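Single-letter residue listing:
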Amino acid sequence: MIPIIKWTLWQQRWSTSRWSIGVLLFIFLSLIFYPSFKNDAAELQQSFANLPDAAVALLGGSTDFFSPIGFLNSQIYFLMLPLILTVLAISVGSSLLAREEKDSTLEVLLARPVARTQLLAAKALSGFSILLTVTLIALIKILLMTPLIGLDVGLVVILQATLVCFLMVLSFASIAFSLTAIGYTRGASTGIAAIIALAGYIISSLAGTVSWLEYPARVLPFYYYQPESILLGSYNWAHILFFILLIIGCGVLSWFVFRRRDLGY
């Protein structure tokens, strides 16, 4: 099992490096201009106060864009960081097994004294490690930049927001991974997981302004993310049970189906 994890991480080394550099760059560009906005926050706030409710919902859920928490929420935690990590999570989750099947190396791996359960666990742990690595790099960058640019946001709430963001994107990775374990191609699993992620963002963001959207929003991961509430210290921590149960459910489904799949050899 350990050799499979090492092999998978070695396969993904350049991709992980590129994603790490990319997330560092995006965070830097998103935060570096805050000092230039800070002195004119009151005037800028008045301009954004007249935005339509739907636009406000899609930009972070609050018109308080230029306070430290409002800026960090709208620029990093509401869209940018979840977007980058979700794309990475879906990409990794859909490729861990599908890449081996496409390259016909899955048969070689299973020809060794490795049970299907061990192979599945090794691939899942590899994906978890990749996603965790990039998330931690993003967290360190945020923690280093916020005091430098004058964003007075507490360490604890930044850690909490990053944790919940990680759990959410891990749930998307789990969905993509389980679809490939069932037998979907990499393209199909990527597409389905991406649709769920995009629908979750749009429907959950607009649920506060369109009442009937609240019901479908409750079955989508983004609804339980709520980064502004986390940064303000008012988050309902029972929401993370949704992510945990979804991840466990996808894992059990993957295990149950993959052990019984006809892999054509």
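The coordinates are above.
The rules behind each value
- Numbering of residues starts from 1 in every chain and runs along the sequence as written.
- Totals for whole chains, interfaces and linings use all residues, but because this is a predicted model, local features are given only for residues with pLDDT of at least 70 and pairs of side-chain atoms are given and counted only at 80 or more.
- Only hydrogens and water are removed before side-chain values are computed, so all heavy atoms of the structure are retained for them.
- Strands are runs of DSSP state E lasting at least 2 residues, helices are runs of H or I lasting at least 4, and numbering of each runs from the N terminus.
- Here the term buried applies to any residue with accessible area under 20% of the maximum for its type, exposed to any over 50%, and partly exposed to those in between, with areas from a 1.4 Å probe on protein chains only.
- Every residue pair with non-hydrogen atoms within 4.5 Å of one another is taken to be in contact.
- Using the Shrake-Rupley algorithm and a 1.4 Å probe, accessible areas are obtained, with residue cover drawn only from the displayed protein chains.
- All axes here are fitted lines through C-alpha atoms, helices being fitted over the stretch that makes contact, and every angle between N-to-C directions spans 0 to 180 degrees.
- An angle counts as roughly parallel when it lies under 35 degrees, as roughly antiparallel when it exceeds 145, as roughly perpendicular when it falls between 65 and 115, and as oblique in every other case.
- What makes a crossing left-handed is the near helix being turned counterclockwise from the far one by less than a right angle; a clockwise turn instead makes it right-handed.
- Asp, Glu, Lys and Arg are counted as charged, while Ala, Val, Leu, Ile, Met, Phe, Trp, Tyr, Cys and Pro are counted as nonpolar; the rest, among them Gly, fall into the polar class.
- By this rule, a helix spans an expected 1.5 Å times one less than how many residues it contains.
- Between rings of Phe, Tyr and Trp, where Trp is taken as its six-membered ring, a pair exists when centres lie within 6.5 Å; planes separated by under 30 degrees are stacked, by over 60 edge-to-face, and by other angles tilted.
- We count a charge as sitting over a ring when the NZ of a lysine or the CZ of an arginine lies within 6 Å of the ring centre and within 35 degrees of the ring normal.
- Here the nonpolar core consists of buried residues drawn from Ala, Val, Leu, Ile, Met, Phe, Trp, Tyr and Cys, with membership extended through side-chain atoms lying within 4.5 Å.
- Patches were defined on residues exceeding 30% relative accessible area and lacking a salt bridge, with like-charge contacts within 9 Å and nonpolar side-chain contacts (Val, Leu, Ile, Met, Phe, Trp, Tyr) within 5 Å.
- Counted as salt bridges are all cases of a side-chain nitrogen of Lys or Arg within 4 Å of a carboxyl oxygen of Asp or Glu.

J.: Lay out the overall build of the protein chain in plain terms, naming residues and giving numbers.
T.: Within the protein chain one finds 15 helices and zero strands. Expressed as a percentage of its 265 residues, the buried residues of the protein chain come to 46%. For the protein chain, restricting intrachain contacts to residue pairs at least 6 apart in sequence, the fraction spanning at least 24 positions comes to 75%. Carbon and sulfur atoms provide 68% of the accessible area of the protein chain, an area that totals close to 13,000 Å².

J.: Quick rundown of the packing of helix H2 (residues 13–31) against helix H7 (residues 80–95)? Include the residues and the values.
T.: Here H2 crosses H7 at 170 degrees, and the two axes come no closer than 11 Å. When the axis of H2 is compared with that of H7, the two are roughly antiparallel. Pair H2 / H7 crosses with right-handed handedness. Where H2 approaches H7, its residues Trp-19, Val-23, Phe-26, Ile-27 and Ser-30 are matched on the opposing element by Met-80, Leu-81, Ile-84, Val-87 and Leu-88. Grouping the amino acids of the contact of H2 with H7 by side-chain chemistry returns nine nonpolar, one polar and no charged.

J.: Before we move on, can you summarise the packing of helix H11 (residues 155–182) against helix H15 (residues 240–258) with the specific residues and values?
T.: In contact at an axis separation of 9 Å, H11 and H15 are set at 20 degrees when each is read in the N-to-C sense. Taken as axis vectors, H11 and H15 run roughly parallel relative to one another. Here the hand of the crossing between H11 and H15 comes out left-handed. Across the interface between the two elements, Val-164, Leu-167, Met-168, Leu-170, Ser-171, Ser-174, Ile-175, Phe-177, Ser-178, Ala-181 and Ile-182 from H11 touch Ile-240, Phe-243, Leu-246, Ile-247, Cys-250, Leu-253, Ser-254, Val-257 and Phe-258 from H15. Taken together, the residues that form the contact of H11 with H15 break down as 16 nonpolar, four polar and no charged.

J.: Residues and numbers for H7, please.
T.: Taking 1.5 Å of rise per residue, the 16 residues of H7 would be expected to cover 22 Å, and the 23 Å separating its terminal C-alpha atoms lies within 8% of that figure. Summarising burial for H7: 13 of the 16 residues are buried, a large majority.

J.: Lay out the packing of aromatic side chains in plain terms, naming residues and giving numbers.
T.: Applying the stated rule across the entire model yields 10 aromatic pairs. With centroids separated by 5.1 Å and ring planes inclined at 90 degrees, the aromatic side chains of Tyr-235 and Trp-237 adopt a geometry described as edge-to-face. Members of the aromatic cluster, each reached through a chain of ring pairs, are Phe-78, Tyr-201, Phe-222 and Tyr-225. Lying across the ring of Trp-10, Arg-13 places its NZ or CZ 3.7 Å from the centre.

J.: I'd like a description of the nonpolar core, backed by residues and values.
T.: In terms of nonpolar packing, the biggest core is built from 71 residues, with Leu-31, Leu-72, Ile-76, Tyr-77 and Leu-81 touching the most fellow members. Sorting elements by how many residues they give to this core places H11 first, with 17 residues. The contact partners of Ile-76, leaving out residues within four places of it in the chain, are Ile-27, Ser-30, Leu-31, Phe-71, Leu-81, Pro-82 and Ile-142.

J.: Lay out a nonpolar patch on the surface with the relevant residues and their values.
T.: A contiguous nonpolar patch, built from Leu-241, Ile-244, Leu-245, Ile-248, Val-252, Trp-255 and Phe-256 and spanning about 670 Å² of accessible area, is present on the exposed surface. In this structure, Ile-248 sits in helix H15.

J.: Describe unusual backbone geometry, and please don't skip the residues or the numbers.
T.: Positioned with a positive phi, Gln-226 is a non-glycine residue whose angle comes to about 50 degrees. Within the secondary structure, Gln-226 sits in the loop between helix H13 (214–217) and helix H14 (227–232). The partly exposed category is assigned to Gln-226, whose relative accessible area is 27%.

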